[in-house]
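# A closer look at the structure
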Amino acid sequence: MIDITLDNFQTELVEASLTTPVLLDIWAEWCGPCKQLGPVLEKLEIEYEGRFKLAKLDADKVPQLSSQLSQMFGVRSIPFCVMFVGGQPVDGFVGAIPAEQIREFLDKHVPGAEELEAQQQEEEAQEALAEGDTDAALEKLQHAVATDPANDDARFDYVKLLLQLGREDDAKVAFAPVIDRRALVRRFDSLQRWMDAIDAAGDPSQWAQRLAEADAKIAAAKRDFDARFARAQLLMAQQQWTAAMDELLEILMRDKAWNEDLARKTYIAILDVIEPPKPKVAEGQIPPDDPTVATYRRRLSSVVLS
């Protein structure tokens, strides 16, 4: 629990809520219900084991903030509690309500224990990948998905790593629970396009021959877009990403809308697949873009907008 003042409200309330929800208790020394509510909130902060932070604001000592929040929510009495998430006040309640009602309020905004565990496993998986330990990363991502099936980032990274390791069948099994959401989650659609490319490429022992056949067709007809797209899919199956995007750009330079934007959508899918996690930087700084992803984004924009 922390006391909010004019000096620290930006860091301890607004910025702190970017990573962990913060419940702000607006109270006053003369308020009897405030004194009843305070100990309940403190016990709940302990019970929730760090899933939210409790902050307190003395309405008499910091009237500017308490008045502003009260006007925002149309509230004229205390105790008044405001939930901050993502740097913004998103919800609140008035009065010394029972603990069970407060839990119901908290559960609407505070991540569950399983969700936090999955997030931790996801972060540890990325650290393992950075160290080159793919086995540990795969185990942690599998655990994250099992713990919190709704964690889209963990599932994306899990399926992606399975595909990178050549375990296409396992990847399809892991992807199956979200296949119906590919139209809603672009990165899932991108994974599906990669799997489609692997299926279209067929037997790896025939890849060299099929590339040669595609090259021959393209040499005979520069606008043989079917051959160019088949070549791009073969390169995707081999994880030759920049070469695949170069081939797709050849299509886009000649026909931007070919086959219902298939070349452009596949190009974007590759960018999604190859983009690495953003590196951690100091607070207030913007993490740098991956140079390959940035370069090929600019090339796509140049062609599409030309």
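Residues numbered from 1 in each chain as written. Predicted model: local features only at pLDDT ≥ 70, side-chain atom pairs only at ≥ 80, totals over all residues. Heavy atoms only, no water.

This part covers the state of the cysteines. Going through the model one piece at a time under the given rule, you end up with one disulfide. Each disulfide pairs two cysteine sulfurs, and for Cys 31 the partner residue is Cys 34, the sulfurs being separated by 2.4 Å. Judged by the sign of its S-S torsion, about 80°, the bond between Cys 31 and Cys 34 is right-handed. Judged by its relative accessible area of 3%, Cys 31 is buried. Among the residues examined, Cys 34 registers a relative accessible area of 3% and is labelled buried. (Disulfide = S-S within 2.5 Å. Buried < 20%, exposed > 50% of the residue type's maximum accessible area, 1.4 Å probe, protein only.)

Attention now goes to the nonpolar core. Ranked by internal contacts, the top residues of the largest apolar core, which has 56 residues, are Leu 163, Leu 191, Trp 194, Leu 248, Tyr 267 and Ile 270. When residues in this core are grouped by element, the largest group, nine residues, is from helix 13 (residues 258-274). What Leu 163 contacts, discounting residues up to four positions off in sequence, is Glu 168, Ala 171, Leu 191, Trp 194, Met 195, Ile 198 and Gln 239. Counting residues in each nonpolar core, the second largest holds 16 residues, with Ile 26, Leu 57, Ala 59 and Val 62 among its members. (Core = buried A, V, L, I, M, F, W, Y, C linked by side-chain atoms within 4.5 Å. Helix = DSSP H or I, 4+ residues; strand = E, 2+ residues; numbered from the N terminus. Contact = heavy atoms within 4.5 Å.)

It is worth spelling out the side chain of Thr 266 at this point. Along the chain, Thr 266 turns up in helix 13. The contacts of Thr 266, once residues within four sequence positions are left out, are Arg 193, Phe 229, Met 236 and Leu 248.

Glancing now at the sheet that holds strand 4 (residues 80-85). Strands sit in the order 1-3-2-4-5 across an open sheet of five strands; the sheet is mixed. Lying at the two open borders of the sheet, with one neighbouring strand each, are strand 1 (2-3) and strand 5 (88-94). Taken strand by strand, helix 2 (residues 32-47) contacts strand 2 (22-27), strand 3 (53-58), strand 4 and strand 5, and its axis lies near 165° from that of strand 2. Docked against the sheet, helix 3 (residues 63-73) engages strand 2, strand 3, strand 4 and strand 5, running at close to 80° with respect to strand 5. (Pairing = 2+ DSSP bridges. Axes fitted to C-alpha atoms, helices over the stretch in contact; angles between N-to-C directions.)

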